[in-house]
Each structure stands twice: as C-alpha cells, then as structure tokens.
Amino acid sequence: MKKVDAIIKPFKLDDVREALSAVGITGMTATEVKGFGRQKGHTELYRGAEYVVDFLPKVKIEVVINDDQLEQCLDAITGAARTGKIGDGKIFVYPVDKVIRIRTGEEDELAV
C-alpha cells in the first residue's frame, strides 16, 4: 500500500476530488495548509502599507491506496491540479506498512 500526499492550489480541490472519484478512489483527507516553494510568497498592499506574504494558502490531500492504484492516482491528481503556472504543487508517495479500520478491526487492503 502507498500513501499519497499532494499539495495543491485551493481552487483545484474539487477538480482533484472528482478526478480521484472517477478512477475509483473514494477516501481522502484534505487539510488547509500554508507554505511556499519556488514562489517564495509575494507582496501585497493593504491600506497603503506594503507587506510580504511569505506563506501562501494551499490544500494538502492525503490518500492511502493499494499499490495497483498508484499510477491512476498520480495521473488523476496531476491532470486535475495542473494549471501550468508556478505554484501548482507537489506529490509525495510513501510506503504504508499497516492500516487498521478502528470500527471493525479490518486490516490492510480490507481497511482501505
């Protein structure tokens, strides 16, 4: 099993959720986060004062999937989240050793 973490632009969340559902991935966790990469933030003007916004709003999506779903998942996320502009985000893939569904005690693939 794999855990896929994707950091995307907030307005792309619904597109990514729909793309994942279309390939059969239904469970996911989305968290509002802040961060920066190559964008390095930007400056804004508020009431005549200029200030630097270092951390930009992003959404972190977490999905745990079976190994055979990995390529479809990555294709769905990249296709739905890509705008072609800087700040589209990143995807991280981690191995998952164990999953347990608390309610039933099911483990691993049955718990996903």
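Residues numbered from 1 in each chain as written. Predicted model: local features only at pLDDT ≥ 70, side-chain atom pairs only at ≥ 80, totals over all residues. Heavy atoms only, no water.

Asks: For this particular structure, what's the right way to read the overall build of the protein?
Replies: Each helix and strand counted, the protein has two helices and six strands in total. Reading the protein from its N terminus to its C terminus gives the helix and strand order β-α-β-β-β-β-α-β. Taking 2.2 N^0.38 as the reference for a compact globule, 112 residues should give roughly 13 Å; the C-alpha atoms of the protein span a radius of gyration of 17 Å, well beyond that estimate. In terms of principal-axis extent, the alpha carbons of the protein reach across some 60 × 30 × 20 Å. Out of the 112 residues belonging to the protein, those deemed buried represent 29%. Taking contacts inside the protein between residues at least 6 apart in sequence as the whole, the part at least 24 apart equals 70%. On the protein, roughly 7,600 Å² of surface is accessible, and the fraction owed to carbon and sulfur atoms is 51%. (Helix = DSSP H or I, 4+ residues; strand = E, 2+ residues; numbered from the N terminus. Rg over C-alpha atoms; globule rule 2.2 N^0.38 Å. Buried < 20%, exposed > 50% of the residue type's maximum accessible area, 1.4 Å probe, protein only. Contact = heavy atoms within 4.5 Å. Areas by Shrake-Rupley, 256 points an atom, 1.4 Å probe, with all protein chains shown as cover.)

Asks: What am I meant to see in the sheet that holds strand S6 (residues 90-95) here?
Replies: The pairing of strands in a sheet happens through backbone hydrogen bonds and is either parallel or antiparallel. Here four strands make up an open sheet; going across it, the order is S2-S5-S1-S6 and the pairing antiparallel. Edge positions in the sheet fall to strand S2 (29-35) and S6, since each of these pairs with one other strand and no more. Sheet twist, expressed as the average angle between the axes of neighbouring strands with direction ignored, equals 25°. Bridging between strand S1 (residues 2-8) and S6 involves six bridges; their strand directions are antiparallel. Looking at S6, one finds that Lys-2 is bridged to Pro-95. Docked against the sheet, helix H2 (residues 70-81) engages S1, strand S5 (56-65) and S6, running at close to 5° with respect to S1. (Pairing = 2+ DSSP bridges. Axes fitted to C-alpha atoms, helices over the stretch in contact; angles between N-to-C directions.)

Asks: What exactly am I supposed to notice about the environment of Ala-111 here?
Replies: Relative to the helices and strands, Ala-111 is located in the segment after S6. Ala-111 has contacts with Val-99, Ile-100, Arg-101 and Glu-106, leaving out every residue within four places of it along the chain.

Asks: Please explain the layout of surface pockets as it appears in this structure.
Replies: A probe matching the size of a water molecule, rolled over the atoms, marks out where space remains unfilled. What the largest pocket holds in volume is close to 310 Å³. Forming the walls of the largest pocket are 14 residues, and the residues nearest its centre are Phe-36, Gly-37, Arg-38, Gly-89 and Lys-90. Take the lining of the largest pocket: its biggest share by element is three residues, from S2. When grouped by side-chain class, the residues that make up the lining of the largest pocket number four nonpolar, five polar and five charged. Within this model, the second largest pocket holds a volume of roughly 190 Å³. If you trace the second largest pocket, you find 14 residues lining it, with Ile-25, Thr-26, Gly-27, Val-64 and Val-112 closest to the centre. Broken down by element, the residue count for the lining of the second largest pocket peaks at four residues, all from S5. The residue makeup of the lining of the second largest pocket, split by class, is six nonpolar, six polar and two charged. (1 Å grid on protein atoms, 1.4 Å probe; cavity = no way out; pocket = protein on both sides within 12 Å on 5 of 7 lines; lining within 4 Å. Points joined across faces, edges and corners; volume = space filled by probe spheres on them. Nonpolar A, V, L, I, M, F, W, Y, C, P; charged D, E, K, R; others polar.)

That's the geometry; what it means functionally is another story.
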